[in-house]
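# What the coordinates show
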Amino acid sequence: MSCKIDMEGMVAVVTGAAQGIGAAIAAKYVQAGAQTVILDVCGEEEILDFLNQMEAQGKRPLYYRCDISDEDKVAEVFRNIADTCGRIDILVNNAGIVSDWNKSYEVNTKGTWYCSEAARPYLKKVSGNIVILTSASIFSGGTGIPQYVATKAGSYALTMFLAREYAKEGIRVNGIAPAVIMSKMLATRFGSEQAVREHYKQVMPLGKVGEPEDIANIALFLSSSMASYLCGEVLIADGGRMHIG
Ligand SMILES: NC(=O)c1ccc[n+]([C@@H]2O[C@H](COP(=O)([O-])OP(=O)(O)OC[C@H]3O[C@@H](n4cnc5c(N)ncnc54)[C@H](O)[C@@H]3O)[C@@H](O)[C@H]2O)c1
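These lines cover the structure that appears in this document, whether it is placed above or below.

Analysis parameters
- Residues numbered from 1 in each chain as written.
- Predicted model: local features only at pLDDT ≥ 70, side-chain atom pairs only at ≥ 80, totals over all residues.
- Heavy atoms only, no water.
- Helix = DSSP H or I, 4+ residues; strand = E, 2+ residues; numbered from the N terminus.
- Contact = heavy atoms within 4.5 Å.
- Polar contact = N/O pair within 3.5 Å; in protein donor to acceptor, adjacent residues only side chain to side chain.
- Near = heavy atom within 4 Å.
- Nonpolar A, V, L, I, M, F, W, Y, C, P; charged D, E, K, R; others polar.
- Buried < 20%, exposed > 50% of the residue type's maximum accessible area, 1.4 Å probe, protein only.
- Arc of directions from axis to C-beta.
- Axes fitted to C-alpha atoms, helices over the stretch in contact; angles between N-to-C directions.
- Parallel < 35°, antiparallel > 145°, perpendicular 65-115°, else oblique.
- Left-handed = near helix turned anticlockwise from the far one by under 90°.
- Core = buried A, V, L, I, M, F, W, Y, C linked by side-chain atoms within 4.5 Å.
- Pairing = 2+ DSSP bridges.

With that settled, the discussion passes to the environment of Lys59. With respect to the helices, strands and loops of the structure, Lys59 is situated in the loop between α2 (48-55) and β3 (62-65). For the pair Lys59 and Ala179, spaced 120 residues apart in sequence, the C-alpha separation works out to 30 Å. Discounting residues that sit within four places of it in the chain, Lys59 has contacts with Glu8, Val30, Gly33, Ala34, Gln35 and Met54. Among the polar contacts listed, one links the side chain of Lys59 to the side chain of Glu8, at a separation of 2.9 Å. For Lys59, the side chain forms a polar contact with the main-chain oxygen of Gly33, separated by 2.8 Å.

The structure is reproduced here in structure tokens:
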């Protein structure tokens, strides 16, 4: 007997999916058969290779250049997506940045709100759901970036607020709080991906750094019917560091 998450016929929107965790999440939806829609700030020509790779695995994702901190643009883009695709089943609020206080708040907290509100009427029609990427660093305090942890705590609080508010409309809202997932930023900080892997082999309870695909699998699960009774749940994905590390 096999068990497979099938998202054929569904439309999944992933913000900040030009690279990193967002790209891995977008790939999961493509592989599950969904029409995937990517929002990011780069020009489409910068992710043509990725879009071509995705087309070889399923439906080619649609791309919208959109700064999620621009409320009017976000509203316009979600109207366009609904017009083009006919429906929106899933929103993954993944885009996030490390920046100054104002920009961090604009993107990490307010951008999550803008996208959720813009998707809400379409999600309501199909009893859809939202996944929000917060961070395990909001519990530990992280290291040296107060504006990041504070504004990601904002996205955690929004997960709770939206779960309660949108549940009345049949929309589930859940979150993921990752820590130490391989990224360009981490590789730059340690000098190379290899150096990151060596370092975290020693310090993580599971003996390894997380991969974007680890988080993508959780996003796919949370947004699928397998998680139909989860609402207002934030899964900490940190290789066991917080609880047993
Ligand atoms: N990598 C980790 O270890 C880690 C840990 C905890 C939480 N997270 C969270 O996971 C998410 C993805 O992290 P990542 O490591 O893949 O980051 P990343 O920097 O590799 O990718 C973030 C993406 O968001 C896009 N983006 C930035 N600002 C945007 C805006 N205003 N509008 C639209 N798109 C925008 C970027 O262009 C980029 O493609 C973020 O929310 C991050 O806070 C990551």
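So much for the structure itself; the text now carries on.
As a structural note, the neighbourhood of the ligand is formed by 24 residues, with Ile21, Asp40, Asn94, Tyr148 and Lys152 the closest of them. Here an oxygen atom of the ligand sits 2.8 Å away from a polar atom, N or O, in the side chain of Gln19. Lys152 places a polar side-chain atom, nitrogen or oxygen, 2.7 Å from an oxygen atom of the ligand. Elements with a contribution of two residues or more to the shell around the ligand: α1 (20-31) and α6 (146-167). Looking at the shell around the ligand, its residues break down into 13 nonpolar, eight polar and three charged.

Pro212, Ile215, Ala216, Ala219, Leu220 and Leu222 are the residues of helix α9 (residues 212-222) that are buried. Considered in projection along α9, the buried side chains sweep an arc of 165 degrees and stay on one side of the axis.

Okay, the packing of helix α4 (residues 101-126) against α6 next. Following both chains from N to C, one finds α4 and α6 inclined at 15 degrees, their axes separated by 8 Å at the closest point. Compared by their axis directions, α4 and α6 come out roughly parallel. For the pair α4 and α6, the crossing hand works out as right-handed. In the contact of α4 with α6, the residues fall into 10 nonpolar, nine polar and four charged.

Let us now look at the nonpolar core. Grouped together as the largest cluster of nonpolar side chains are 35 residues, with contacts concentrated most on Ile25 and Tyr29. Of all elements in the fold, only β1 (11-15), α1, α2, β4 (90-93), β5 (129-133) and α9 reach the threshold of two or more residues within this core. For this core, the element with the most residues is α1, which contributes eight residues. Once residues within four sequence positions are removed from consideration, Ile25 is found in contact with Val14, Val92, Asn94, Leu133, Ala216 and Ala219. Counting residues in hydrophobic clusters, the runner-up holds 30 residues, among them Tyr64, Ile68, Val74 and Ala95.

The next subject is the sheet that holds β1. With parallel pairing, seven strands are arranged side by side in an open sheet as β3-β2-β1-β4-β5-β6-β7. Only two strands of the sheet have a single neighbouring strand rather than two, namely β3 and β7 (234-237). Across the sheet, the mean angle from the axis of one strand to that of its neighbour is 15 degrees, orientation sign disregarded. Relative to strand β2 (residues 35-40), β1 is paired through five bridges, and the arrangement is parallel. Opposite Thr15, over in β2, you have Leu39 as the bridge partner.

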